[in-house]
2 protein chains.
Amino acid sequence: MAVRVALFVSGSYVHIHRKHNMAKSNVRDKLVAAGLELFHTKGYNACGVSDITDAAEVPKGSFYNHFKSKELLALAVLDLYQSLLGLDALKDKSKPPVPRLRSLFKRYLTFQVKWQFARGCLLGNFGAELSSQSPLVRKALKNIFDRWRDAVAIVLQEAKERGDLAGRLDPQETARFLYNAWQGAVINSKVTRSQAPFDNFFAVVFDSLMKR
Amino acid sequence: MAVRVALFVSGSYVHIHRKHNMAKSNVRDKLVAAGLELFHTKGYNACGVSDITDAAEVPKGSFYNHFKSKELLALAVLDLYQSLLGLDALKDKSKPPVPRLRSLFKRYLTFQVKWQFARGCLLGNFGAELSSQSPLVRKALKNIFDRWRDAVAIVLQEAKERGDLAGRLDPQETARFLYNAWQGAVINSKVTRSQAPFDNFFAVVFDSLMKR
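All values reported here derive from a predicted model rather than from experimental measurement.

S.K.: Explanation requested: the overall build of chain A in the structure shown.
M.R.: For chain A, the helix and strand inventory stands at nine helices and two strands. Each helix (α) and strand (β) of chain A, taken in turn from the N terminus, gives the series β-β-α-α-α-α-α-α-α-α-α. Considering only intrachain contacts with a sequence separation of at least 6, the fraction spanning at least 24 residues in chain A is 62%.

Here it is as structure tokens:
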């Protein structure tokens, strides 16, 4: 049976389609949503499976019907979190490339503002906390990063062809750099509990590295 | 009694001077060194007090003679970790400002290479993992960041006066941006287990934002 579930995911609504048994999928979806909420607010190692089943309001024993381990839940959570990335909007050629890229980061800023600079980005959090602990999570993060970098590099290539990139900046190199600079700004915004690192990011990137 | 202890701190030797009881200070120093090693390699929440006393080879009960909580050990660990920052070298005016700054990041790269891109930077790790959990750690991180930014901004001001900064870059703004871009590169290097994010950082920052 096709099921459409609207989950309130960290301040943003995400719709999930599933085609298997409704009851089963409901429990699974609740676990993923609760996992995202808890991993994002507290971190992976600061919460256990029972915290997640409690938050999901499902029986503790049901967890292992859906996930063999907390690590596998983390992968499902990453999968859901990716829906926030909004990379499809980068293909909208009705806007020039630089404003398109700016809109992408403005989108990410909106999330951080909603989260009151307290949660950070799950990708950066997991990268910092789990890269050594979980090769599976590390690989998933690398795949997401590659996808992001490639999508952004295409836009930067367009920008370069229009002469909108500063100096000798290479699109792939700049895409990777922007990802990292943003992730660092996110951590700094958690530390300073402020929007200042993002304002700083926009100023340096869009006033110095690119032409508006 | 003055005690001089050389600790092998995450691939770098750090000398600690203490003026109180030698036996007591030895246990404390061992706890701080073990805490740094474990927090840095595994993360704060992935290890408990008994892991730390085991690694320090001190009696479990001795922990609370020195630290009221694991959180207070984290502050002492941060204090020790700061000795790696090497900000004093930024005052050496025998080198032009941009190469001086480049040397600072080369220093940080040396650590990451030694750690085989597996540990990351403790400041970024703690920022990502503990900003919500521990207001004390968050405040300590903010103080270290402010100190770093101010020291680097002075060098960037010198660079700007020589015309070695690109475009309209502001020294304080650029210092903050570099801190974040570096922290993001560190996380990416943990995720990709490679030096590529650092090569990328040097290329974009020192070939495009600054003049060699």
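S.K.: Where do I start with helix α4 (residues 70–81) of chain A in this structure?
M.R.: In an α-helix, one turn spans 3.6 residues; hence positions three or four apart end up facing the same way. Residue and element names in this part refer to chain A. Helix length check: α4 (12 residues) gives 16 Å between terminal C-alpha atoms against 16 Å at 1.5 Å per residue, within 8%. Of all the residues in α4, the buried ones are Leu-73, Ala-74, Val-77, Leu-78 and Tyr-81. Along the axis of α4, the buried residues cluster in a sector spanning 145 degrees; they form a single face.

S.K.: Is there a simple way to explain the relation of the copies chain A and chain B in this structure?
M.R.: Note: a rotation about an axis with an accompanying shift along it relates these two copies of the chain. Its rotation angle being 180 degrees, the transformation that places chain A on chain B also includes 0.0 Å of axial translation and leaves an RMSD of 0.0 Å. Classification of the inter-copy transformation places it as that of a two-fold axis. Comparing contact sets, 98% of the residues at the interface of chain A also lie at the interface in chain B, consistent with an isologous, same-surface contact.

S.K.: What am I meant to see in the interface of chain A and chain B here?
M.R.: How big an interface is tends to be expressed through the accessible area that disappears when the partners come together. Each partner contributes to the interface: chain A provides 45 residues, whereas chain B provides 44 residues. Secondary structure elements with two or more residues in the side of chain A that touches chain B: α6 (122–130), α7 (135–161), α8 (171–192) and α9 (196–209) of chain A. For the side of chain A that touches chain B, the element with the highest residue contribution is α8(A), accounting for 16 residues.

S.K.: Got a minute to help me understand α8(A) in this structure?
M.R.: Residue and element names in this part refer to chain A. Taking 1.5 Å of rise per residue, 22 residues should cover 32 Å, and α8 covers 31 Å from first to last C-alpha, within 8% of that figure. Burial runs high along α8: 19 of the 22 residues are buried. In the segment just after α8, Arg-193 is the residue with positive phi, at about 50 degrees.

S.K.: When you look at the domain arrangement of chain A in this model, what are you seeing that I'm missing?
M.R.: All names here are of chain A. On domain assignment, one finds that chain A holds domain 1 (3–80) and domain 2 (85–209). On the side of domain 2, 14 residues touch domain 1, which itself brings 13 residues to the contact. Every element with two or more residues in the side of domain 1 that touches domain 2 is listed here: α1 (22–42) and α4. In terms of residue count, α4 provides more of the side of domain 1 that touches domain 2 than any other element does, four residues in total. Tallied by class, the residues present in the side of domain 1 that touches domain 2 amount to five nonpolar, seven polar and one charged.

S.K.: When you look at the environment of A:Ala153 in this model, what are you seeing that I'm missing?
M.R.: Residue and element names in this part refer to chain A. Within the secondary structure, Ala-153 is located in helix α7. Residues Ala-153 and Cys-47, 106 residues apart in the sequence, show an inter-C-alpha distance of 36 Å. Other than its neighbours up to four places away in sequence, Ala-153 contacts Pro-171, Gln-172 and Ala-175.

S.K.: In this structure, what is going on with the environment of B:Tyr108? I would like to understand it.
M.R.: Residues and elements named next belong to chain B. Within the secondary structure layout, Tyr-108 lies in helix α5 (residues 97–114). According to the C-beta neighbour criterion, Tyr-108 is partly exposed, with 19 such atoms within 10 Å. Separated by 47 residues in sequence, Tyr-108 and Val-155 place their C-alpha atoms 17 Å apart.

S.K.: Looking at this model, I keep getting lost on unusual backbone geometry. Mind explaining?
M.R.: Most peptide bonds take the trans configuration, and most residues that are not glycine carry a negative phi. All names here are of chain B. The backbone phi angle of Gln-116 is positive, close to 55 degrees, even though this residue is not glycine. By secondary structure assignment, the location of Gln-116 is in the loop between α5 and α6 (122–130). Judged by the 10 C-beta atoms lying within 10 Å of it, Gln-116 is exposed. Phi angles above zero are rare outside glycine, and Phe-117 is one such case at about 55 degrees. Within the element layout of this structure, Phe-117 appears in the loop between α5 and α6. Overall, Phe-117 belongs to the buried group, with 22 C-beta atoms counted inside 10 Å.

Parameters and conventions
Residues numbered from 1 in each chain as written. Chains lettered and ligands numbered in written order. Predicted model: local features only at pLDDT ≥ 70, side-chain atom pairs only at ≥ 80, totals over all residues. Helix = DSSP H or I, 4+ residues; strand = E, 2+ residues; numbered from the N terminus. Contact = placed C-beta atoms within 7 Å. Expected span 1.5 Å × (residues − 1). Buried ≥ 20, exposed ≤ 12 C-beta atoms within 10 Å, placed from the backbone. Arc of directions from axis to C-beta. Least-squares fit on C-alpha atoms with pLDDT ≥ 70 in both. Domains from an automatic or database assignment. Nonpolar A, V, L, I, M, F, W, Y, C, P; charged D, E, K, R; others polar.

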